[in-house]
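Chain residues, written in single-letter form:
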Amino acid sequence: TLEENFLAGGFGSAGIEFLTDHALQLPVWRFGIADRFIEQGTRQELLELCGLTAEQIASDIKTRWNTWQK
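First, a word on scope: everything that follows refers to the structure included in this document. (Residues numbered from 1 in each chain as written. Predicted model: local features only at pLDDT ≥ 70, side-chain atom pairs only at ≥ 80, totals over all residues. Heavy atoms only, no water.)

## Some details on the pairing of strand β1 (residues 2–6)
One face of the sheet, then the other: side chains in a regular strand alternate in exactly this way. Pairing between β1 and strand β2 (residues 31–33): two bridges, direction parallel. Looking at β2, one finds that L2 is bridged to F31. A crossover connection joins β1 to the parallel β2 through helix α1 (residues 11–21); in handedness this β-α-β unit is right-handed. (Pairing = 2+ DSSP bridges. Helix = DSSP H or I, 4+ residues; strand = E, 2+ residues; numbered from the N terminus. Right-handed = clockwise from strand over helix to strand, strands pointing away.)

In C-alpha cells:
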C-alpha cells in the first residue's frame, strides 16, 4: 500500500486487518510516513525525507522484491 500519511492506523494497517480477519496470508508492503517527528518543508522536501519520491519507492520495491524472492 502507498499513502502520504502515517503508517500507524493508516490504509495499509486496515488492509492487514482485513487479511488477518479472513485468514489470508499474503505479503504486504506498506509505504508511508513512519511514526516519528517530521520537519517542516516543501512537499517535495517532505516526500524525500520520508522516502516517498517515485525514485525512492521504485528502489525500495526492487530491494524488497529481490529479498522476498530469495
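## Some remarks on the packing of aromatic side chains
For the coordinates displayed, the defined rule picks out three aromatic pairs. Geometrically, the ring pair formed by W29 and W65 is edge-to-face, given 6.4 Å between the ring centres and 90 degrees between the ring planes. Of this pair, W29 sits in the loop between α1 and β2 while W65 sits in helix α3 (residues 54–69), and the two are 36 residues apart along the sequence. Overall, W65 belongs to the partly exposed group, its relative accessible area being 43%. Ring centres of W65 and W68 lie 5.1 Å apart, and the angle between their planes is 55 degrees; this geometry places the pair in the tilted category. A residue pair is termed a helical-turn pair when its members lie 3 or 4 positions apart in one helix, as W65 and W68 do in helix α3 at three residues. Through pairs of rings, three or more aromatic residues link up here, namely W29, W65 and W68. (Phe/Tyr/Trp six-rings, centres within 6.5 Å; stacked < 30°, edge-to-face > 60°. Buried < 20%, exposed > 50% of the residue type's maximum accessible area, 1.4 Å probe, protein only.)

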